[in-house]
Amino acid sequence: MGEHAGFIIAAYAVTVAVLLGVIGWTLFDHARLKRALQRFPARGDMDGGA
Amino acid sequence: MLKYANPANFLWLADRLIPWLGAAAALVLAVGLYLAFFVAPADYQQGETVRIMFIHVPAAWLSMFCYGLMGLSALGTLVWRHPLADAAQQAAAPLGAAFTFICLVTGSLWGKPMWGTWWVWDARLTSVLVLFIIYLGLIALWRTIEEPALAGRAAAILTLVGCVNLPIIKFSVDWWNTLHQPASVFRLGGPTIHPSMLWPLLLMALGATLLFLTLHLMATRNEVLRRRLRRLTIVAAQRGERAPLAAGKVA
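Analysis parameters
- Residues numbered from 1 in each chain as written.
- Chains lettered and ligands numbered in written order.
- Predicted model: local features only at pLDDT ≥ 70, side-chain atom pairs only at ≥ 80, totals over all residues.
- Helix = DSSP H or I, 4+ residues; strand = E, 2+ residues; numbered from the N terminus.
- Buried ≥ 20, exposed ≤ 12 C-beta atoms within 10 Å, placed from the backbone.
- Contact = placed C-beta atoms within 7 Å.
- Axes fitted to C-alpha atoms, helices over the stretch in contact; angles between N-to-C directions.
- Parallel < 35°, antiparallel > 145°, perpendicular 65-115°, else oblique.
- Nonpolar A, V, L, I, M, F, W, Y, C, P; charged D, E, K, R; others polar.
- Core = buried A, V, L, I, M, F, W, Y, C linked by C-beta atoms within 7 Å.
- Bend = angle between axes of the 7 residues up to and from the residue.
- pLDDT = per-residue confidence, 0-100.

The secondary structure content of chain B amounts to 7 helices and 0 strands. In chain B, the succession of helices and strands from N to C terminus is α-α-α-α-α-α-α. The C-alpha extent of chain B, read off along each of the three principal axes, is 70 × 35 × 30 Å. Counting over 251 residues, chain B shows a buried share of 42%. Taking the intrachain contacts of chain B between residues at least 6 apart in sequence as the baseline, contacts between residues at least 24 apart amount to 73%.

What follows is the structure, encoded as structure tokens:
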């Protein structure tokens, strides 16, 4: 990649790091919310609103 | 379509769409990266640094696409007061901030070897920095106001005001003398990029868009669940039950 390889690698490294961080956080948040919701008994009347 | 605007139906649909969208994004990005690194030639002026374009440009497009999506959601919140529109808008803000951050950093890493500077206060760079600050401001606003409906309306108004920045970003390179190059893909008269670079770029943009849509569905699903958990916690507290999770941790 020539004399500017450092810039190219850094650009891709930052992109991968940010995207992996976003994906990881979203998955972790989902698992945490599902766990918390499972502690409540199922109530059908709660499905109507966001 | 309206049927899926119901949060419960949305959750059902999101659970089924997310794996397929994610797999499609991974596949398209893998092919796009292969073409970007092993098929597309080095630029005759910029040399190998043109490889940065394949992540910088999709990130720039998505930073604006995400804000446009938030603008539409803001209308849904203010006009129809639809709770899913508010959840979609709130879920999009961190994603927009992430893609704008990638755009700014990769642009800086591309600018240093090509322009000789990491940053310049020209109209394009400055307006994208303003977009990033607006995203951060919106995230802060949602965290500041405890009542979700009130926070959603306040954020929707700020989002719509911020929409004025989108045409400024798009046309900044035409309206002012900027160090940033003018539009080379979406322009009257067609793209000025050689097809050997254009197709990998379009494929990377498609893959990044699919990834964004996957992440947005996942984040909106989380937001719907968070609001459901908050409501259940409040109901449990009102009934005098011991809440399984403190309300402060789910707001």
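Attention shifts here to the packing of helix H1 (residues 5-38) of chain A against helix H3 (residues 83-115) of chain B. Where H1(A) meets H3(B), the axes come as close as 9 Å, and the angle between the chain directions of the two elements is 170 degrees. Here H3(B) runs roughly antiparallel to H1(A), going by the angle between their axes. Along its contact with H1(A), which presents A:Phe7, A:Ala10, A:Ala11, A:Val14, A:Thr15, A:Val18 and A:Val22, the element H3(B) presents B:Leu95, B:Ala98, B:Phe101, B:Ile102, B:Val105, B:Thr106, B:Leu109, B:Trp110, B:Lys112 and B:Pro113. Counted by class, the contact of H1(A) with H3(B) contains 14 nonpolar, 2 polar and 1 charged residues.

Our focus in this paragraph is the interface of chain A and chain B. Listed per partner, the contact involves 25 residues of chain A and 37 residues of chain B. Split by residue class, the side of chain A that touches chain B holds 16 nonpolar, 6 polar and 3 charged.

Among the nonpolar cores identified, the biggest contains 70 residues, and B:Ile52, B:Cys66, B:Leu95, B:Phe99, B:Met204 and B:Phe212 are the most heavily contacted of them. Mapped onto this core, the elements with two or more residues apiece are H1 of chain A together with helix H1 (7-39), helix H2 (53-80), H3, helix H4 (123-144), helix H5 (148-162) and helix H7 (195-238) of chain B. Examining the composition of this core, we find that 18 residues originate from one element, H7(B), more than from any other. Excluding its chain neighbours within four sequence positions, the residues that come into contact with B:Met204 are B:Leu29, B:Gly32, B:Ala36, B:Phe54 and B:Pro58.

Another aspect to go through is H1(B). If you look at H1(B), its biggest bend is around 35 degrees, right at B:Leu17, and the proline B:Pro19 turns up within four residues after that. Buried-residue contacts for H1(B) involve H2, H3 and H7 of chain B.

Detailed reading of the predicted model is not advised wherever pLDDT is low. Residues and elements named next belong to chain B. On average, residues of chain B carry a pLDDT of 89, and 93% of them reach 70 or more. Taken together, the stretch residues 246-251 has pLDDT below 50 and engages in 12 contacts with residues farther than four places along the chain or on a different chain. Across the assembled chains, the prediction reports ipTM 0.88 with pTM 0.89.

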